[in-house]
Structures are given as C-alpha cells and as structure tokens.
Amino acid sequence: MPQLPAPVIAALEAFAAPDARDAVQSLTADGDDAPRERLAALLDSVEWVDMGVVHPMAPELRDPEGVRRLLTAMGAEGRCAVLSGSGSEDDRDLGGALDQVLQQQSGGALVVCRPGPLAFLVTASGERWLLSDRELPQLTGPLPVIRD
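The present account deals with the structure reproduced in this document. (Residues numbered from 1 in each chain as written. Predicted model: local features only at pLDDT ≥ 70, side-chain atom pairs only at ≥ 80, totals over all residues. Heavy atoms only, no water.)

**Digging into the overall build of the protein**
What the protein contains, in helices and strands, is 5 helices and 6 strands. Ordered by position from N to C terminus, the α and β elements of the protein give α-α-α-β-α-β-β-α-β-β-β. Taking the contacts inside the protein whose residues are at least 6 apart along the sequence as the reference set, 61% of them involve residues at least 24 apart. Just so you have it, the protein exposes about 7400 Å², and 50% of that area is on carbon and sulfur atoms. (Helix = DSSP H or I, 4+ residues; strand = E, 2+ residues; numbered from the N terminus. Contact = heavy atoms within 4.5 Å. Areas by Shrake-Rupley, 256 points an atom, 1.4 Å probe, with all protein chains shown as cover.)

And the structure:
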C-alpha cells in the first residue's frame, strides 16, 4: 500500500485514542506496507477515536450537502483527503468525496478536511461522526445551497 497522504496521517494521529495510538502509528509509519485489511478494520468503527473529539451528526445534516455545509461552517476548504479500505486519495473535491463515502455500500471511510484537525467518519455500519476538537457551530435559519 502506498504511503498515506500527509493530511490523513495528521488526522489519524490527532484523533486517535490513547489506547489506539500504536495501531494508528503502525498504519502511518514510513515505508509500512499496511494491508488494506488493517486499514479497513480501523475504519469499521469509531472505537479507535478519542471520544473527546467525536460529535454525532444531527439527522438534518446527514446528507452530503448538509455535511458539507457543516464542515464549511467549521472552516473546511473545498479540497480534502479520503481514506477507505480500498485506499487513500489526496486533493479531492469535498462535495464529491462526501457523495462517494455516503453512497458506498460497505466499509468505513474518513474524509479529512483542510485545515485540520477536522474530519468526517462513516463507519462500516453506517454511523456518521464529525471529528473535531472545535465547538460545533449553531446552524440556524435557512441554509443556503453552496455551489462550487
């Protein structure tokens, strides 16, 4: 497996729970040929994440546009990195990445926003979590549709 993109490594390290740091570091080590199975197992659940940075997603923000609006309100730029059991990509369009991970049929995925630490995790069972050490903004009133 090729080296993970730098934003993905930074997010994994920033969000890892103390007891999961060894597992995360084994995936991010330089030159490591981590099998896709270990990566997929990490993304299966939220168990590897420090619970201090986990925020559940409100039902009205669970579609790709709602997630994108929330991430943008938190400072996310239009480009991101994506990590899933099938590999990793860097410099993806945020809207396209969210569409992809929310429509996938199996496996977990992590959308890592710039600037970090800010990410969106979809577990293999379909749970959706916002990962951030920031306070969630209160999105009130009508939310405009943002077009790229």
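**Here's the deal with the nonpolar core**
Grouped together as the largest cluster of nonpolar side chains are 27 residues, with contacts concentrated most on Leu12, Trp48, Val49, Leu110, Leu121 and Leu131. Elements that contribute at least two residues to this core include exactly helix H1 (6–15), helix H2 (21–28), helix H3 (36–43), strand S2 (79–84), strand S4 (109–113), strand S5 (118–122) and strand S6 (128–132). Ranked by residue count, the leading element in this core is H1, at 5 residues. The residues contacting Leu131, other than those within four sequence positions of it, are Phe15, Val49, Val53, Val54, Leu110, Pro117, Leu118, Ala119 and Leu121. (Core = buried A, V, L, I, M, F, W, Y, C linked by side-chain atoms within 4.5 Å. Buried < 20%, exposed > 50% of the residue type's maximum accessible area, 1.4 Å probe, protein only.)

**With respect to unusual backbone geometry**
The peptide bond linking Arg114 to Pro115 adopts the cis configuration, its omega dihedral lying at -10°. With respect to the helices and strands, Pro115 occurs in the loop between S4 and S5. Phi angles above zero are rare outside glycine, and Asp91 is one such case at about 60°. Note that Asp91 resides in strand S3 (residues 87–93).

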